[in-house]
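Chain by chain, the residues:
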Amino acid sequence: MITISKVVRKESVASLLVDGRPYVILGGELHNSSSSNLAYLDRALDRVRALACNTVLAPITWELVEPEEGRFDFTLVDGLLAAARARDLRVVPLWFGMYKNAESTYAPAWVKTDATRFPRARLASGEPARAVSVLCEEGRRCDARAFAAVMRRIKAMDAAFRTVILVQVENEVGLLGSPRDRSPMAEAAFAAAVPAPLLTYLQVHQGGVRPELRDAWIGCGRRVAGNWAEVFGPLADEVFMAWHFGRYVGAVAEAGRAEYDLPCFANAWLVQYAGQPAGEYPSGGPVSRMLDVWRLAAPAIDLLAPDIYLPEFDAICADYAVGGNALLIPEARREEAMAANAFCALGRHGALGFSPFGIESVGLRDAPPIDGAVALGSLGMTSSALAGERLAAAYRTLGGLAPLIAECRAAGRIAGVFQEGAGPDLLELGGCRLRIHYHRPPQSDLPPAAGILLSPRDGEFIGAGYGFAVDFLPAAGEAGRIDFLELWEGEFRGVEWIPGRRLNGDEYRFRFDEVPGIRRARIYRIGS
Ligand code: DGJ
């Protein structure tokens, strides 16, 4: 029997199972408004397909689904599913409900205009925020009801096809402009006792808790009771907001899953620089220091995901791929290094998927960005046609390799290449040391060299990537030389290996040129 998708964990390795098999999201997220018009959406999805994505991340918005309270219109939901299916794309809907980038701009007019029923959060200055207070139970009830209706519809229209594989609940939540909501409800909750499950968690998991949270708790004397300020001191505002946003998003997810039990995640607007005060970035969102709080507050959320627009791509992946959190990058900067970042996330950090933002603004050689390029240029996110070609080639190679990537990840037989210096770098894989040589210096005009290396069984290596070459050496402490028994270029179609040239003579090198491609080798040890 074919089941709907789910996130599973075996020891520390997480996988997204789609149709019962591990799946890798080679994604692209549409601009915010692209799924609000089906004619426009068609053009955007053509570009997604041309970039060799297997999955599109696309908004479904509360204001358009429930324009009048209790009257639902699913035209755009149905249209999105049909248009994606026609292009053989899977879909990750983004539920833009009460919160989108820490504001309530996607709430329907009947919510926006009723501040009595849906009171706003209050900033430290006393001004109302553009966001409804996260402590407003009526807001949560209505948002959850709408999300549940959407999930019911998706089940009715899609259970037989399973186009939808994962769902994002809300978008980059938190409070902007103030570290803590100062509305009367929030003030009362802030003065009340910290919930017992959070205190118990801190006592039980001390060693595994994120350092900022643990240090705040220890700094206040490891209290086992008290109000937020007493238990968390200077971090209290953010922990308080994280608990309430986690509970809110968790409750919305739970209502949706009761209708159709698809895996769900929440995404984070990250801290932009060390020491940045909460409120300058959304206070209470799932930034890495708040992951423990979120996981406890929102058990219906399978994973917490970073939106990576900062240059420290590798370090941010590492920060989110620990402590039982499965890594997914639902939004990444659209830039020259997109393909490198895809290899980095999947090869080095076991990500379930990668997805640049504003994917339809990625140009290809004969196809300029379809729209949005001007607006996004102003955000400093541009990419050349070469970057688009490189991403498409990377996705094509990774698409074929996906089943093997999942298999090798589970067996710990995977390594990632990501150029940070001049090299050579040394990696260990499949009982060998691999010396990685880069074709060009770092900080050249070109993006960093990157790739993924797999050793499905001893003596066999498969690699994909660009801009580097690999020497095979015996493991540390072992003598001797390693050589090829056979070396191929080629590709995977499904699970079938389609060999290209057999490489020997002048091409006798495990080498990846500028266009991402696949190499496969069997090696042996030269006897003495
Ligand atoms: C992050 C948000 O999550 C997206 O919806 C979009 O607004 C981008 N920022 C734009 O840069």
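Residues numbered from 1 in each chain as written. Predicted model: local features only at pLDDT ≥ 70, side-chain atom pairs only at ≥ 80, totals over all residues. Heavy atoms only, no water.

Describing the sheet that holds strand β16 (residues 432-438)
Okay, step 1: Across the sheet, four strands lie side by side as β15-β16-β19-β22; this open sheet has antiparallel pairing. The open sheet terminates on both sides in strands that have one partner only, identified here as β15 (425-429) and β22 (510-512). In this sheet, neighbouring strand axes are inclined to one another by 25° on average, regardless of whether the strands run parallel or antiparallel.
Okay, step 2: Bridge count between β16 and strand β19 (residues 468-474): seven bridges; the pairing is antiparallel. Opposite His437, over in β19, you have Ala469 as the bridge partner. (Pairing = 2+ DSSP bridges. Helix = DSSP H or I, 4+ residues; strand = E, 2+ residues; numbered from the N terminus. Axes fitted to C-alpha atoms, helices over the stretch in contact; angles between N-to-C directions.)

Some details on a nonpolar patch on the surface
Okay, step 1: Together, Leu485, Tyr524 and Ile526 line one region of the surface with nonpolar side chains, adding up to about 240 Å² of accessible area.
Okay, step 2: Counting through the fold element by element, Tyr524 comes out in strand β23 (residues 517-526). (Patch = residues over 30% accessible without salt bridge, like charges linked within 9 Å, V, L, I, M, F, W, Y side chains within 5 Å. Areas by Shrake-Rupley, 256 points an atom, 1.4 Å probe, with all protein chains shown as cover. Salt bridge = Lys/Arg side-chain N within 4 Å of Asp/Glu carboxyl O.)

Re the sheet that holds strand β1 (residues 6-10)
Okay, step 1: In spatial order, the strands read β1-β2-β3; together these three strands make up an open sheet with antiparallel pairing. Two strands lie at the open edges of the sheet, namely β1 and β3 (21-23), each paired on one side alone. Across this sheet, the average inter-strand angle for adjacent strands is 55°, counted without regard to direction.

Some remarks on the packing of aromatic side chains
Okay, step 1: Enumeration according to the criterion identifies 19 aromatic pairs in this entry.
Okay, step 2: With 4.9 Å between their ring centres and 70° between their planes, Phe96 and Tyr106 make a pair best called edge-to-face. Of this pair, Phe96 sits in strand β6 (residues 90-100) while Tyr106 sits in the loop between β6 and α4 (109-112), and the two are 10 residues apart along the sequence. Comparing Phe96 with Tyr106 shows no difference in burial state: the two are buried.
Okay, step 3: On the basis of an interplanar angle of 85° and a centroid distance of 5.2 Å, the ring pair of Phe472 and Phe510 is categorised as edge-to-face. Of this pair, Phe472 sits in strand β19 while Phe510 sits in strand β22, and the two are 38 residues apart along the sequence. With respect to burial, Phe472 and Phe510 carry one shared label: buried.
Okay, step 4: Through successive ring pairs, a cluster of aromatic residues spans Phe461, Phe468, Phe472, Phe484, Tyr508, Phe510 and Phe512.
Okay, step 5: Across the ring face of Phe190, the terminal group of Arg180 is positioned such that the distance to the ring centre comes to 3.7 Å. (Phe/Tyr/Trp six-rings, centres within 6.5 Å; stacked < 30°, edge-to-face > 60°. Buried < 20%, exposed > 50% of the residue type's maximum accessible area, 1.4 Å probe, protein only. Lys NZ or Arg CZ within 6 Å of the ring centre and 35° of its normal.)

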